[in-house]
Amino acid sequence: MSMERIGIVGSGRAGSALGAALASAGHPVVGVTARSRASQERAARLLPHVPVLTTFDVTIRSDVVLVAVPDDAIHEVAAQLPLTSDQYVVHLSGAHGLKPLQGLRATPVALHPPMTFTGDSVKLDDVVFTATAPTEARAMVERLVKALGAQVQWVAEEHRALYHAGVVHGANHLTTLLAQAFAVLREAGIEDPAATLRPLLTATLDNTLRSGHDALTGPIARGDVDTVAAHLAVLRDPPASTYAELARATMELATANGRLDGETAARFTEVLDRYRTGEAPR
């Protein structure tokens, strides 16, 4: 069976990296668009044997057109493509399903790689792609993903926003949390917060990915109410408010899982309520 010809509209980080991975897997990448100098340099680096073409030429040469543009531009860009009913049009957004591709002649697909792209080539064999597609497109999607050595999971159109919220909450907000933790440690005189946290973070992430909430450790899991109160007494905003909200969520999780008894949970709630109302923790 011959592999689909791939065209890439937009040579941003995700589109270029995915195109390079597909080319390495044997899919013919027949063209890419690149307008800015940065895009042209990225295409030259990651897709050196792929011609930079106009949007029209990329589209007419392709069986599968990857629309690798910012979320808000997907519909506008895709609507201008000279697509046919024999083609597939695929966007890479996690937040959107098929709605931005409605009304087009090609078969629509939403295919999201939950991965951070830095502008360099990446290995995708451990990525679980998330796809939303009509039945007639599923075999093609599975071929593309299988060629990369990756996996695919299917999400219904009505659950795309919920899916993306979970990905963002778990990944993007982790960066915010760590940036705040670094600031707290620097205030305490720690010169290299990353080195301090790295072993703990690595072990925690690995344990949580394996065991979920059972990996929880720390003062709340141990019922150390006075320790949490002491933290709130010395923290300043913005880390203080983030700490308090996450402490409350952690306390509720530990209580629901039977790690905390009702009396200890009530003491945590009292401390956190006093913080929320502006009273100094005792």
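Residues numbered from 1 in each chain as written. Predicted model: local features only at pLDDT ≥ 70, side-chain atom pairs only at ≥ 80, totals over all residues. Heavy atoms only, no water.

(A) Up close: the overall build of the chain. Helix and strand counts for the chain come out as 11 helices and seven strands. By its C-alpha atoms, the chain is 70 × 40 × 30 Å across when sized along the principal axes. Per element, the accessible surface of the chain, about 15,500 Å² overall, is 54% carbon and sulfur. In the chain, 25 positive and 30 negative side-chain charges are present, and the distance between their average locations comes to 5 Å. (Helix = DSSP H or I, 4+ residues; strand = E, 2+ residues; numbered from the N terminus. Areas by Shrake-Rupley, 256 points an atom, 1.4 Å probe, with all protein chains shown as cover. Lys, Arg positive; Asp, Glu negative; His and termini not counted. Charge placed at Lys NZ, Arg CZ, Asp CG, Glu CD.)

(B) Highlighting the sheet that holds strand E5 (residues 107-112). With mixed pairing, seven strands are arranged side by side in an open sheet as E2-E1-E3-E4-E5-E6-E7. For this open sheet the edge positions go to strand E2 (29-32) and strand E7 (151-154), each flanked by a neighbour on one side alone. Ignoring strand direction, the axes of neighbouring strands in this sheet form an average angle of 25°. Two elements, strand E1 (residues 6-9) and E2, share three bridges in a ladder whose sense is parallel. Each bridged residue has a counterpart across the sheet, and for Gly 7 the counterpart in E2 is Gly 31. (Pairing = 2+ DSSP bridges. Axes fitted to C-alpha atoms, helices over the stretch in contact; angles between N-to-C directions.)

(C) Fine view of the packing of aromatic side chains. Taken as a whole, this structure holds zero aromatic pairs when the rule is applied. Above the ring of Trp 154, the side-chain terminus of Arg 138 is found at 4.1 Å from the ring centroid. (Phe/Tyr/Trp six-rings, centres within 6.5 Å; stacked < 30°, edge-to-face > 60°. Lys NZ or Arg CZ within 6 Å of the ring centre and 35° of its normal.)

(D) The side chain of Arg 160, seen in detail. Tracing the chain through its elements places Arg 160 in helix H6 (residues 160-187). Within the buried set, Arg 160 has no salt-bridge partner at all; the shortest N-O distance to an opposite charge, 6.2 Å, is to Glu 157. Not counting the four nearest positions on each side in its chain, Arg 160 is found in contact with Ser 93, Gly 94, Ala 95, His 96, Gly 97, Ala 110, His 112, Thr 130, Ala 131, Thr 132 and Val 155. (Buried < 20%, exposed > 50% of the residue type's maximum accessible area, 1.4 Å probe, protein only. Salt bridge = Lys/Arg side-chain N within 4 Å of Asp/Glu carboxyl O. Contact = heavy atoms within 4.5 Å.)

(E) Representation of the pairing of E7. Sheet topology places strand E6 (residues 128-132) next to E7; four bridges connect them, and they run parallel. When the bridges of E7 are listed, Ala 131 appears paired with Trp 154. Running through helix H5 (residues 138-147), the crossover from E6 to the neighbouring parallel element E7 is right-handed. (Right-handed = clockwise from strand over helix to strand, strands pointing away.)

Worth remembering: the numbers are spatial, not functional.
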